[in-house]
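Topology and contacts: notes
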Amino acid sequence: LLMLSDLKQKSSYVHDSVNYFIENGYLIIDKIIPLEVVEKLATILDNVFEERKHLLVKPVMDLSNLLSLSREFHFLIKYAPTFQVLYQLFGADIALLSTAFRYSTPGTPNQAWHIDYKRDWENLKPEHPMWRPFPTVIAAYYLDDLTLDNGPLWVVPKSHQKANRPPWEDISLQDEIPLVVQKGGCILFDARLWHRGGRNSTLKPRRGLFFDYSLSWVKSPYKLEGKEIDFLIQNSGNDTLKILGLI
């Protein structure tokens, strides 16, 4: 696995990536998790799905607190290929707000257009000491090839700069584009970007991991506890514990 120390944070790649993200509201980083690791993580999700599928009331299983599920997900907290970009956006104030997985079964319909922007920031002005241009950035890691058939992430580029919200409907929008990525890849997107998951028209699930990054003064609604979190605390440095809001 690539760790932060293996890469140059100030490289031209990071600079170009950050600029692209700022302008468009998203960034695709393809094939960054080794396939053998992808398969290990996918197996964990498959097992959880089998254990809990009798509880499903819709074709999608969403489960929060991914870090409490298995220590195998812990490396993604500050995984170099994505974290180097995130750090340039947030700086030392970066914090991990929440983690989750989404297991979209065959036949999962299109989502309605939406944003994941939190209302906490709506009244903040640029002169406010807590104001930042990127209140939340989501790192979506995919454990399957994301294709037009199994449901790409549809976005409207640059819509994070709009003052209005998208229509909460399953409709086609002008300027919409599908984002696809190979398994083990990641899509970073601004929580204010107009987006939705597409229909899964295949016979296989679409499995994604979602890490939401924000600012250190934003408190996570989820409590980190359990033996996997105990392991994480015991085996992490202060920089990781700070990102998790534990110190």
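Residues numbered from 1 in each chain as written. Predicted model: local features only at pLDDT ≥ 70, side-chain atom pairs only at ≥ 80, totals over all residues. Heavy atoms only, no water.

**A look at the overall build of the chain**
Each helix and strand counted, the chain has six helices and nine strands in total. Out of the 247 residues belonging to the chain, those deemed buried represent 48%. Long-range contacts, defined here as pairs at least 24 residues apart, represent 88% of the contacts in the chain between residues at least 6 apart. (Helix = DSSP H or I, 4+ residues; strand = E, 2+ residues; numbered from the N terminus. Buried < 20%, exposed > 50% of the residue type's maximum accessible area, 1.4 Å probe, protein only. Contact = heavy atoms within 4.5 Å.)

**Side note on the sheet that holds strand β6 (residues 177-179)**
Taking strand neighbours across the sheet as the criterion, the three strands line up as β6-β5-β8 in an open arrangement whose pairing is antiparallel. At either margin of the open sheet sits one strand with a lone partner, and together these are β6 and β8 (195-197). Adjacent strand axes in the sheet meet at a mean angle of 30°, parallel and antiparallel pairs treated alike. In terms of strand pairing, strand β5 (residues 153-155) meets β6 through three bridges, oriented antiparallel. (Pairing = 2+ DSSP bridges. Axes fitted to C-alpha atoms, helices over the stretch in contact; angles between N-to-C directions.)

**Quick look at the sheet that holds strand β4 (residues 137-142)**
Pairing is antiparallel in the open sheet, where six strands are placed in the order β1-β7-β4-β9-β3-β2. Sheet topology places β1 (26-29) and β2 (60-64) at the edges, where each strand pairs with a single neighbour. Neighbour-to-neighbour, the strand axes of this sheet turn through a mean angle of 20°, independent of strand direction. Sheet topology places β1 next to strand β7 (residues 186-190); four bridges connect them, and they run antiparallel.

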